[in-house]
Amino acid sequence: MSKQTFYIFLLLVTLISLLVNYFLLDKTPLLSDYSGSGLLGIITFIPISLLIFHRGKKLFARKDKSSFISWVMAGTLIKLFVSFVVLIIFARLTKPATNYFIAPFFIFYLVYFIFETGVLMKLTKK
């Protein structure tokens, strides 16, 4: 997958995520107060997706593919750790009344996880 194709897909996923956050999550009674955490998720996962793609593309070009596989696992752990840290900071700053603020963030965690997995799979089929 070329960089240009990746950027187009990332832009498309981001636009769809923003529309979902605004038109669906913001209108859902339980989650309407927490659309900010969804937006925070989108903002968090864009640079992580960029990092995972560029590093993965560089490592896949090497002869030794074990470093690419290690990066895929490390990238997943990095994303998970960063997500926990961001959610903890968000919870401490905003002091939400319920734990429902996690749902919009987690929705976009899954969206970007599926996107990154698809991108890395495309890299391996090249």
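Right, let's walk through the structure included here. From a predicted model like this one, the values you see are computed outputs, not experimental measurements. (Residues numbered from 1 in each chain as written. Predicted model: local features only at pLDDT ≥ 70, side-chain atom pairs only at ≥ 80, totals over all residues. Heavy atoms only, no water.)

### Some details on the packing of aromatic side chains
Quick note on the threshold: Working definition: rings of Phe, Tyr and Trp (its six-membered ring) pair if their centres are within 6.5 Å, and the pair is stacked with planes under 30 degrees apart, edge-to-face with planes over 60 apart, and tilted otherwise. Strands here mean DSSP runs of E at least two residues long; helices mean DSSP runs of H or I at least four residues long; both are numbered from the N terminus. Relative accessibility under 20% of the residue-type maximum defines a buried residue, over 50% an exposed one, and the middle range a partly exposed one, all with a 1.4 Å probe and only protein chains included. We count a charge as sitting over a ring when the NZ of a lysine or the CZ of an arginine lies within 6 Å of the ring centre and within 35 degrees of the ring normal.
Scanning the entire structure with this criterion turns up eleven aromatic pairs. Ring geometry for Phe-6 against Phe-53: centres 4.0 Å apart, planes inclined by 5°, an arrangement best described as stacked. A residue pair is termed long-range when its members are at least 10 positions apart, and Phe-6 in helix H1 (residues 3–25) and Phe-53 in helix H2 (residues 35–60) qualify at 47 residues. By the burial criterion, Phe-6 is buried, and Phe-53 matches it. For the ring pair Phe-106 and Tyr-109, a centre distance of 6.2 Å and an interplane angle of 10° mean the geometry is stacked. Highlighted residues: Phe-106 and Tyr-109, both in helix H4 (residues 102–124), separated by three residues, approximately one helical turn. Residue classification places Phe-106 among the partly exposed positions, given a relative accessible area of 44%. The class for Tyr-109 is buried, based on a relative accessible area of 11%. Through a chain of ring-to-ring contacts, three or more aromatic side chains come together here, namely Phe-45, Phe-105, Phe-106, Tyr-109, Tyr-112 and Phe-113. A cation sits over an aromatic face here: Lys-79 above Phe-45, 4.9 Å from the ring centre. Sitting above the plane of the Tyr-109 ring, Lys-79 keeps its charged end 4.9 Å from the centroid.

### Side note on the nonpolar core
Selection rule: Here, nonpolar core means buried Ala, Val, Leu, Ile, Met, Phe, Trp, Tyr and Cys residues that are tied together by side-chain atoms lying within 4.5 Å of each other. Residue contacts are defined here by distance: any two heavy atoms, one from each residue, within 4.5 Å place the two residues in contact.
By size, the foremost hydrophobic cluster in this structure holds 27 residues, and its most contacted members are Phe-6, Phe-45, Phe-68, Phe-108, Tyr-112, Phe-115 and Val-119. Of all the secondary-structure elements, those providing two or more residues to this core are H1, H2, helix H3 (66–94) and H4. When residues in this core are grouped by element, the largest group, eight residues, is from H4. In this structure Phe-108 touches Ser-17, Val-20, Asn-21, Leu-25, Gly-38, Ile-42 and Phe-45, once residues within four positions along its chain are discounted.

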